[in-house]
Amino acid sequence: MTGTRAAGAAGPVPDSPRRRRARRARWRRWVAAVLAGVAVLVTVGALRPAPADGSGVPTVVVVRDVAAGQVVTRDDVELAGRPAGQRPSTALAAVEPAVGRVAAGPLTAREVVTSERLVGGGLLAGQPTDHVAISVPVVDVSSTGVGAGSRVDVYATGSGTRAATDVVVLAVHDAGESTGLGSATPPRVTLALDPRQAGELARSLSALEAGQSLVVAIRQPGASSQ
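Summarised in this report is the structure supplied together with it.

Rules used in this analysis
Residues numbered from 1 in each chain as written. Predicted model: local features only at pLDDT ≥ 70, side-chain atom pairs only at ≥ 80, totals over all residues. Heavy atoms only, no water. Helix = DSSP H or I, 4+ residues; strand = E, 2+ residues; numbered from the N terminus. Pairing = 2+ DSSP bridges. Contact = heavy atoms within 4.5 Å. Polar contact = N/O pair within 3.5 Å; in protein donor to acceptor, adjacent residues only side chain to side chain. Patch = residues over 30% accessible without salt bridge, like charges linked within 9 Å, V, L, I, M, F, W, Y side chains within 5 Å. Areas by Shrake-Rupley, 256 points an atom, 1.4 Å probe, with all protein chains shown as cover. Salt bridge = Lys/Arg side-chain N within 4 Å of Asp/Glu carboxyl O. Lys, Arg positive; Asp, Glu negative; His and termini not counted. Charge placed at Lys NZ, Arg CZ, Asp CG, Glu CD. Buried < 20%, exposed > 50% of the residue type's maximum accessible area, 1.4 Å probe, protein only. Axes fitted to C-alpha atoms, helices over the stretch in contact; angles between N-to-C directions.

### Points about the overall build of the protein
Check the secondary structure of the protein and you find 2 helices and 9 strands. Listing every helix and strand of the protein by position from the N terminus yields α-β-β-β-β-β-β-β-β-α-β.

Written out as structure tokens, the structure reads:
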């Protein structure tokens, strides 16, 4: 019959209110599932332990004070996060290289550990067997051109007393290389000393008054030690 749709013929299905409600219900369930997933991710992120000093580059720090000459143990150091801009370029990024090495100078709690602040068994290689390595604070070491292998005299400022004569520099540590939490230590040099020289230098350090320090002077090759 003309104008009449045959039974069973395909055609558009009317968008009834019931179908619209079903479609909205499916969208609500989908949105709810997405929001639930986001909530789970946020909760997991909040519960995840954060680095002790905040996010940043993995950096080895001292957990407690370590005296100069003391062997660093696994309990003395830990890995923390530090912003790249507040991290010395020579800071250690793993605790293993620090464990078993000797502190070249006093290390304070929460200080960043750099390679220059630690010495290993090879530092005194080639030196007489009775020599020891001592790290001492000095004034403006970089401008004098002192480096590892230099032979120097060490003088106390103020009194002008010579604290050590014709000693070998094993390492030089600039002020910025041993930064702790917002503070920098003074420049230091690590020296190879025999027992007598070590004793004299220790006495000179203890006798320094407030505001005084040590300075190093490079010796001419072959200069007299008198």
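There's more to say after this.
### A word on the pairing of strand β7 (residues 162-173)
The pairing of strand β6 (residues 151-156) with β7 spans 4 bridges and is antiparallel. In the sheet register, V154 faces β7, and the bridge partner there is A164. Pairing between β7 and strand β8 (residues 188-193): 5 bridges, direction antiparallel. Along β8, the bridge assignment pairs V172 with V189.

### Quick look at the environment of R74
Along the chain, R74 turns up in the loop between β1 (57-62) and β2 (77-82). Separated by 11 residues in sequence, R74 and V63 place their C-alpha atoms 9.8 Å apart. When residues no more than four places from it in sequence are discounted, the contact partners of R74 are V95 and V99. Within the structure, R74 has its side chain in polar contact with the backbone oxygen of V77 (distance 3.0 Å).

### Regarding a positive patch on the surface
A cluster of basic residues, R18, R19, R20, R21, R24, R26, R28 and R29, forms a positive patch on the protein surface. Inspection of the secondary structure assignment puts R21 in helix α1 (residues 17-47). Classification of R21 by relative accessible area gives partly exposed; the value is 48%.

### A few points about the pattern of salt bridges
Counted under the stated rule, the structure contains 6 salt bridges. The partner of R117 in a salt bridge is E111, with the nearest N and O atoms 2.9 Å apart. On the basis of relative accessible area, R117 is assigned to the buried category, the value being 4%. Residue D166 pairs with R151 through a salt bridge whose shortest N-O separation is 2.8 Å. Taken together, the residues D166 in strand β7 and R151 in strand β6 connect sequence positions 15 residues apart. By relative accessible area, R151 is classed as partly exposed at 40%.

### Here's the deal with the sheet that holds strand β9 (residues 214-218)
Strands sit in the order β5-β8-β7-β6-β9 across an open sheet of 5 strands; the sheet is antiparallel. Two strands lie at the open edges of the sheet, namely β5 (132-137) and β9, each paired on one side alone. Each neighbouring strand pair of the sheet contributes to a mean axis angle of 45°, computed without reference to strand direction.

### Comments concerning a nonpolar patch on the surface
On the surface, a cluster of nonpolar side chains totalling about 550 Å² of accessible area is made up of W27, W30, V31, V34 and L35. Take W30: it is sitting in helix α1.

### Thoughts on unusual backbone geometry
A positive phi angle, near 75°, is found at R110, a position not held by glycine. Secondary-structure assignment places R110 in the loop between β3 (102-103) and β4 (118-119). Phi angles above zero are rare outside glycine, and D166 is one such case at about 50°.

### A word on the side chain of R188
Looking at the secondary structure, you find R188 in strand β8. Despite its burial, R188 pairs with no opposite charge; the closest candidate is E111, at 8.7 Å N-O. A polar side-chain atom of R188 sits 3.0 Å from the main-chain carbonyl oxygen of S135. Each residue touching R188, except ones within four places of it in the same chain, is listed here: G105, P106, R117, S135, V136, P137, V138, A171, V172 and H173.

The analysis is restricted to geometry; functional conclusions fall outside its scope.
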